[in-house]
Amino acid sequence: MEKKALGRGLDALLPAGQAMAPNNAAEVQQIRIDAIVPNRYQPRQIFHPAELAELAASIKESGLLQPILVRRKGDGIYELISGERRWRASKQAGLESIPALIEDIDDDTALEISIIENLQREDISPLDEAAMYDRMIKDHGYSIRKLADKLGKDKGYLENRLRLADAPPEVRELVSLRKDTLSHAYELMKVSDPRKRKKLAAQVARNELSLVKLRERI
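Before going into details, it helps to say that this report is about the structure given with it. (Residues numbered from 1 in each chain as written. Predicted model: local features only at pLDDT ≥ 70, side-chain atom pairs only at ≥ 80, totals over all residues. Heavy atoms only, no water.)

**Quick notes on the pattern of salt bridges**
Phase 1 of the analysis: Counting across every chain of the model gives 13 salt bridges.
Phase 2 of the analysis: Across the pair Asp180 and Arg178 runs a salt bridge whose closest N-O atoms are separated by 3.1 Å.
Phase 3 of the analysis: For Asp180, a relative accessible area of 52% puts it in the exposed group.
Phase 4 of the analysis: Residue Glu187 pairs with Arg215 through a salt bridge whose shortest N-O separation is 3.3 Å. In this pair, Glu187 is assigned in helix H8 (residues 182-188) and Arg215 in helix H10 (residues 211-217), connecting sequence segments 28 residues apart.
Phase 5 of the analysis: Where salt bridges share partners, they join Arg71, Glu79 and Asp107 into one cluster. (Salt bridge = Lys/Arg side-chain N within 4 Å of Asp/Glu carboxyl O. Buried < 20%, exposed > 50% of the residue type's maximum accessible area, 1.4 Å probe, protein only. Helix = DSSP H or I, 4+ residues; strand = E, 2+ residues; numbered from the N terminus.)

**Considering the packing of helix H3 (residues 107-119) against helix H4 (residues 126-140)**
Phase 1 of the analysis: Following both chains from N to C, one finds H3 and H4 inclined at 160 degrees, their axes separated by 10 Å at the closest point. On the basis of their axis angle, the class for H3 and H4 is roughly antiparallel. Classified by chirality, the crossing of H4 by H3 is left-handed. Seen from H3, the contacting residues are Asp108, Leu111, Glu112, Ile115, Ile116, Asn118 and Leu119; seen from H4, they are Glu129, Met132, Tyr133, Arg135, Met136, Asp139 and His140.
Phase 2 of the analysis: Residues that form the contact of H3 with H4 fall into these classes: 7 nonpolar, 2 polar and 5 charged. (Axes fitted to C-alpha atoms, helices over the stretch in contact; angles between N-to-C directions. Parallel < 35°, antiparallel > 145°, perpendicular 65-115°, else oblique. Left-handed = near helix turned anticlockwise from the far one by under 90°. Contact = heavy atoms within 4.5 Å. Nonpolar A, V, L, I, M, F, W, Y, C, P; charged D, E, K, R; others polar.)

**Comments concerning the nonpolar core**
Phase 1 of the analysis: Grouped together as the largest cluster of nonpolar side chains are 19 residues, with contacts concentrated most on Ile31, Ile36, Ile68 and Val70.
Phase 2 of the analysis: Contributions of two or more residues to this core are made by helix H1 (49-62), strand E3 (68-74), strand E4 (77-82), helix H2 (84-92) and strand E5 (97-102).
Phase 3 of the analysis: For this core, the element with the most residues is H1, which contributes 4 residues.
Phase 4 of the analysis: The contact partners of Ile68, leaving out residues within four places of it in the chain, are Ile36, Leu80, Ser82, Gly83, Arg86, Trp87, Ile98, Pro99, Ala100 and Leu101. (Core = buried A, V, L, I, M, F, W, Y, C linked by side-chain atoms within 4.5 Å.)

These values are about where atoms sit, not about what they do.
Shown next, in the form of structure tokens:
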């Protein structure tokens, strides 16, 4: 229920008339993999080896079906904007070149695209999601309403996620350990006493408190 389509997605951030998966093959070029450098704005720092290996095996068998997005850095070098998992997996699969859409994109747009691409992944953690929303608001001057409209999400959903960005350490640790404790986390943030909050969080982590019992305790 929480996962909604991300509005116009990445296409909304590209220059007018372009799209992430263009139908016109002339817009896509083959670029040497060793001429591509990682995205310095990549908000996702962990790439699971098992997932990359699975994607690499698929690329070996069927090739890379969706081009990556890059921008020119000069001297024949390109910087990744979108598609780092595909680029890494293609390297692992032994490809020498990779299909890429080349765009002239400024730093702000590059960061926005990287964040939105990661938000579209189903396995993103609530804490990473919260950090990305927080970054778009603080680094790009988005209001919550404007961000909600761009992503096609409910304003209340974003407000709840943003609470996690500034949550106490024990609450963040709880959510990182168990994604099913989000509702518990929001309740715990109502507790002003740090000692009581830490004790309750530990009990939730040990599965000793249901959401109903936690609310009763609070």
